[in-house]
Amino acid sequence: MANTIELSVLPLLDAPTANCPEYLIAHETVQPYVEGSFATNGMIKLRDIATNIQVSQSDRFSTTWVGTLRPEYRNCQASGGMLSIDDETFEGHSYIRVQLADGQVKAILDMTGMRDANGFTTVITFKGLRDGNPRWTWGGTD
């Protein structure tokens, strides 16, 4: 079953009057168990607030997707991170973050500092798009 992740959208202190989405939603689903490893599929719903979404940067630790904000959000200047998972407050390292600025939205999946059970950094094994929304798979050893 998919976990629902709510991401905050916090306006910049000097730009609080712009129209910004109240929050953003991501989903993650753990893949069936495979001996020695685990993997999680995820997506963030950006299509409702942006167009022309594409992978803009990717390296061994992170992937960034960028899209053009729809006209109603074009002046939003905000950032956010993981607020809750399935309505329970999230207090860990926010490996999914968003930035809304200069007419664009950036969604960042960042494994920096994320460790698996054996002390290795988790890895992004897939990054792309489906139905106009960013999609990913990340995992590690168990």
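Residues numbered from 1 in each chain as written. Predicted model: local features only at pLDDT ≥ 70, side-chain atom pairs only at ≥ 80, totals over all residues. Heavy atoms only, no water.

A. Structural context of the nonpolar core. Core analysis: the biggest nonpolar cluster contains 29 residues, and Ile44, Ile49 and Ile96 have the highest contact counts within it. Secondary-structure elements contributing two or more residues to this core are strand 1 (3-8), strand 3 (23-30), strand 5 (50-58), strand 6 (62-69), strand 7 (78-85), strand 9 (96-101), strand 10 (104-110) and strand 12 (133-141). Residue contacts for Ile44: discarding those within four places in its chain leaves Leu7, Ile25, Ala26, Ile96, Val98, Ala107, Asn133, Pro134 and Trp136. (Core = buried A, V, L, I, M, F, W, Y, C linked by side-chain atoms within 4.5 Å. Buried < 20%, exposed > 50% of the residue type's maximum accessible area, 1.4 Å probe, protein only. Helix = DSSP H or I, 4+ residues; strand = E, 2+ residues; numbered from the N terminus. Contact = heavy atoms within 4.5 Å.)

B. Structural context of unusual backbone geometry. The residue Asn52 is not glycine, and still its phi comes out positive at about 50°. Looking at the secondary structure, you find Asn52 in strand 5. Given the relative accessible area of 59%, Asn52 is considered exposed. At Asp102, a position not held by glycine, the phi torsion is positive, near 55°. With a relative accessible area of 68%, Asp102 lands in the exposed category.

C. Spatial organisation of the pattern of salt bridges. Throughout the structure, instances matching the rule amount to one salt bridge. Two residues, Asp110 and Arg97, come together in a salt bridge whose shortest N-O distance is 3.1 Å. Taken together, the residues span a long stretch of sequence, with Asp110 in strand 10 and Arg97 in strand 9 at a distance of 13 residues. Judged by relative accessible area, which is 12%, Asp110 ranks as buried. (Salt bridge = Lys/Arg side-chain N within 4 Å of Asp/Glu carboxyl O.)

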